[in-house]
Each structure stands twice: as C-alpha cells, then as structure tokens.
Amino acid sequence: MFVKFFFYVYLFSLIPNALFGQWQLADDKEIIPFEFTHNLIIINAKVNDKELKFILDTGSERNLLFSIPEKDSIDFYNVKEIKLKGVTENEPIIGMYSENNRIQIGNYQNLNFKTLIVLDNNINLVNKIGVPVNGVLGSDFFRNHLIEIDYIKKKIIVYDKQDQSSLSLLKKYNTKAITLINGKPYLNCTIGLSTNENYNLMLLMDTGLGDGLWLFENDSIKSNSNFFFDILGRGLGGDIQGKKSRIDYLNIDDFKLPQAIVSYPDSTAVKMLELVKGRSGSLGGEVLKRFNWFIDYSNQLVYFQKNKNYTVPFSYNMAGVEFQHAGSQLIEKDDNKTPYNFRITSSDDFVYLESLKRVKNNMQLKPIFEIYAIRKNSIADRVGLKIGDLLVSINKQKAYNLDIQKITDLFQSEEGKYITIEVNRKGKLLKFKFQLEKVL
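Everything quoted here is computed from the prediction, not taken from an experiment. (Residues numbered from 1 in each chain as written. Predicted model: local features only at pLDDT ≥ 70, side-chain atom pairs only at ≥ 80, totals over all residues. Heavy atoms only, no water.)

Peer 1: Help me understand the overall build of the chain, please; the structure alone is not making it clear to me.
Peer 2: Secondary structure summary: the chain contains seven helices and 32 strands in total. Counting all 440 residues of the chain, 55% fall into the buried class. Counting contacts in the chain only where the partners sit at least 6 residues apart, residues at least 24 apart contribute 68% of the total. Counting every atom, the chain has about 20300 Å² of accessible surface; 45% of that belongs to carbon and sulfur. (Helix = DSSP H or I, 4+ residues; strand = E, 2+ residues; numbered from the N terminus. Buried < 20%, exposed > 50% of the residue type's maximum accessible area, 1.4 Å probe, protein only. Contact = heavy atoms within 4.5 Å. Areas by Shrake-Rupley, 256 points an atom, 1.4 Å probe, with all protein chains shown as cover.)

Below, the structure is given as structure tokens:
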C-alpha cells in the first residue's frame, strides 16, 4: 500500500500562483537523515518551532500540512481560506493557505515557508504506513540547491552551488535532462508493453508515490489482460482505485528493469487531475529507490547511479489483505501474558502515557492492527478473512511485536510461502492458513 495525494485549488481569496519560499543553506552542505517506509522518504522538520514529519515529494507543486500532533498547537501566519478539490468527485474540502512561516531542517531553513493546511482525519497516514506523518514538502525544497538522495544510506545531502567537491562526485553518474513544469521534474523513459511494442513516455519523477510506475490508459497505452483491481492510494476525499499489472520492461537510458509492476488509476481519478500535456504517468519510489540521485533543478538535470536495490524483484501483496493501525492496547512486558482486553484509540494515546508509567511500570502500549481492505478474489478473500478483523498473530509472531512494514514485507516475500493468520472477530478467535499466490 502506498500513499499519494492529488488536489487542485479553487480560491475563496486571492492566493499567489507560486507557493514557493526561499530555502537557505547555512554551510557548504547539510546532511539530512530520513526514514524510509513503503518507498516513501520521511524527514523531520520544525515548523514555527514545532517538530513535525513530512514526506519529501518531488511530485507536489505545493507544501501540504494535513495533521498536527494531538497534544500540540502551532501558530500559522497570514492565513487565508481556500477550497480544495481532490481526485474524487466528493464535495470540495475547506482548507487554509499560510505564508511567512519558518521551517528548519538542521541548518537548512526557509523563513517564508508557504503551505496549504487541510486538517483531514480521513487521511490517517499513521494508520496506513505505521509512521506519524504530518504533511508533504513539495518542489520548493529542491529549487535552489543541488540535492543528493542516497536511498541506501537513507540520507539527503543539500549542497551549496559553490561547493566544488560535489561536482567531482557527479563524474561517476549517468546524466539525464529533466523538464521542469510548475516546479515538478519530468523524465523521458521507454517502456515495453508487449514483445513487439515499446513507447517513449514523459513521466513525472515522483518521490511521494510509493508505487514504482503509474500509467494513464489511453488509445495507445493499455493494460494487458493479466491484471487485478486494487486500491492504489489515497486522494483528498477518498481512495484511488485502479488496475495493477506488469510491463515487459522499463528503460531509464541504459538501465533496463524487466517485469516492472505498473498501476493504472481509474478514469475517474485521471479525469480529475490537471495533467501536463504529454504526460503519460509517474515514476515512483519503488523504481527510484533502485538508484542514488543528484537533482539539479537550476540546470534541469538529474544524475543517477544504480545501487544494491537495482536487482530486487518487483513484488506486490500476494495475500490480497491490507492491515492498518486501529489504536493501541496495554501489554505486560512479559510477552507470554495475555493483553488486556480493551482498546485505546490513536488520538487518546498521549493522555494515558504518563499515568501508565506511574501506575503500571510493567505495562506498555502496543499497536492493534485491523483489516481495512481485501482484494476481491484474492487468497485472503477466498479463505474468509473479513474487513474489521483484528490481527492476533501471523506465523506465530504476536501482532503487537510487528509493524505495518514487516507485515507488508511478509505478504510480498515469496510465492507459495505458508501464512497462518489468527484474528479476533467480534471476540471470537479464528485461524486461517493459506499460501501466498502469484497472479501477475
């Protein structure tokens, strides 16, 4: 499961077309560590002195804030009301636009940070990916400096333009031109959809997309007959549905990636996007993580070199079941003891933490996972798992010792692997056993 947000703006009040601020670098370079989960880059930042987590997203023209920690408040400046519309046809969402804020990531800062604010509980990224994410940092992060993304060491390096040491590094990298449109980078790539057909496509380079490749179906580009329908991500206003399949290959210059997984968002989602003329889709994290990148917006170039992720097979959820966080439970530190039979919702966790430390030093909060989606006709569907089932264990591992990424990795591991899942369904313990099933 991956996450991607799409929206465009209807104005209640006049807002500048450009939502860009000026990022400044105090030293020759700044090294920024990141978390990497579900093929998304997540970095820590301070906004008006409050700690927040952001997805770093080359595919977003704007910065977006969609949640703040429950126990915190943040002052925002020069706030104006706006109306947002996402990729679904639901009612428009009311949001705010704010400027003259301060954002700081180490010594890399922006004193006129401009952002859209949409506090939407339906997004629930902490539930979907297991990491509390508060927003998205868009293209202005990249505008004025050379940016290196090292997916293996999980660090971003921001270089001063005058730093000559960075230029020597680039000699070992492939060089490719990008086209910047509305602050977002587009790459030309080649794909093969059958043994006799290949296409040159313009794809958005999109670090905020966890999937490897999205293509928009048209008269020329169509999914082959071997596909299944799936939930592809979240838009402001609802889930994005579509097909999941494979292509014969994806070429990025001299690098050929065979049997890449591709997603085709449904026509409703595509229709609601304001697509750049000539754009055929997006290149996301599942592909991008196979290379280390230097991104140079000022010269409209990227430099890239394959890394140890390059030969990792393209995989997908072969079980057909998706879990999300559904609050927390009290567990004794002795894992062999039974958890207390009640739930604390995610929004209430912080209320109980201090009292738990004082009263029950041998207790700790552990996550609860529930099924929120099951792919139709998947093996999970056929054996009888249901939406709303609470996870007790997988392959004898207690659910509260797992996280969303570990569960995802297990379901993508290998065809034929035996999976034993125990769930709690309205107080009744049920056990299901099946083998992971490859359908693509």
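From this point, things continue past the structure.
Peer 1: Got a minute to help me understand the environment of Asp-140 in this structure?
Peer 2: Within the secondary structure layout, Asp-140 lies in the loop between β11 (135-137) and β12 (146-150). Among the residues examined, Asp-140 registers a relative accessible area of 2% and is labelled buried. The spacing of Asp-140 and Glu-61 is 79 residues in sequence and 7.7 Å in space, taken between C-alpha atoms. Of the polar contacts made by the side chain of Asp-140, one reaches the side chain of Asn-63; its length is 3.3 Å. (Polar contact = N/O pair within 3.5 Å; in protein donor to acceptor, adjacent residues only side chain to side chain.)

Peer 1: When you look at the sheet that holds β12 in this model, what are you seeing that I'm missing?
Peer 2: By definition, the strands of a sheet pair up through backbone hydrogen bonds, in either a parallel or an antiparallel sense. Pairing is antiparallel across the open sheet formed by six strands, whose spatial order is β3-β13-β12-β25-β26-β14. Each edge of the open sheet carries a strand with a single partner, namely β3 (29-33) and β14 (174-177). Across the sheet, the mean angle separating the axes of adjacent strands is 20 degrees when strand polarity is ignored. With six bridges connecting them, strand β25 (residues 291-296) and strand β26 (residues 301-306) associate as antiparallel partners. For Asn-292, the partnering residue across the bridge sits in β26 and is Gln-305. (Pairing = 2+ DSSP bridges. Axes fitted to C-alpha atoms, helices over the stretch in contact; angles between N-to-C directions.)

Peer 1: Explanation requested: unusual backbone geometry in the structure shown.
Peer 2: Even without being a glycine, Asn-39 presents a positive backbone phi close to 65 degrees. Along the polypeptide, Asn-39 turns up in the loop between β4 (35-37) and β5 (40-47). With phi around 65 degrees, Asn-100 is a residue other than glycine that occupies positive phi space. Here Asn-100 is to be found in strand β9 (residues 93-105). Residue Asn-100 is classed as partly exposed on the basis of its relative accessible area, which comes to 38%.

Peer 1: Please clarify how the pattern of salt bridges should be interpreted in this entry.
Peer 2: Pairing of side chains with opposite charge becomes possible as their charged atoms draw close. In total, this model carries nine salt bridges according to the counting rule given. Its salt-bridge partner being Arg-290, residue Glu-286 comes within 2.6 Å of it at the nearest N-O pair. For the pair Glu-286 and Arg-290, one class covers both residues: buried. As a salt-bridge pair, Asp-389 and Arg-425 come within 2.8 Å of each other at their nearest N and O atoms. Within this pair, whereas Asp-389 is found in the loop between α6 (379-383) and β29 (390-394), its partner Arg-425 is found in strand β31 (residues 418-425), the two being separated by 36 residues in sequence. The exposure class assigned to Asp-389 is buried, which follows from its relative accessible area of 1%. Among the residues examined, Arg-425 registers a relative accessible area of 24% and is labelled partly exposed. Each of the salt bridges in this network shares a partner with another, and the network as a whole consists of Glu-286, Lys-289 and Arg-290. (Salt bridge = Lys/Arg side-chain N within 4 Å of Asp/Glu carboxyl O.)

Peer 1: How do you make sense of the pairing of β12 when you look at a structure like this?
Peer 2: In the case of a regular strand, side chains alternate between the two sheet surfaces. Judged by how many residues are buried, β12 sits mostly within the fold: five of five residues are covered. On β12, burial covers both faces: Leu-146, Glu-148 and Asp-150 on one face and Ile-147 and Ile-149 on the other are all buried. Summarising the sheet, β12 and strand β13 (residues 155-159) pair through five bridges and their orientation is antiparallel. Each bridged residue has a counterpart across the sheet, and for Ile-147 the counterpart in β13 is Val-158.

Peer 1: How do you make sense of the packing of aromatic side chains when you look at a structure like this?
Peer 2: Each aromatic ring pair is described using two quantities: the centre-to-centre distance and the angle formed by the ring planes. Enumeration over the complete set of coordinates arrives at 20 aromatic pairs. Between Phe-255 and Phe-291, the ring centres sit 5.3 Å apart and the planes meet at 75 degrees, which makes this aromatic pair edge-to-face. Taken together, the residues span a long stretch of sequence, with Phe-255 in strand β22 (residues 255-258) and Phe-291 in strand β25 at a distance of 36 residues. Just as Phe-255 is buried, Phe-291 falls in that class too. Aromatic pair Phe-291 and Tyr-310: ring centres 5.7 Å apart, planes at 75 degrees, arrangement edge-to-face. With Phe-291 in strand β25 and Tyr-310 in the loop between β26 and β27 (321-332), this residue pair connects regions lying 19 residues apart in the sequence. A connected cluster of aromatic rings, assembled from ring pairs, spans Trp-23, Tyr-108, Phe-141, Phe-142 and Tyr-297. (Phe/Tyr/Trp six-rings, centres within 6.5 Å; stacked < 30°, edge-to-face > 60°.)

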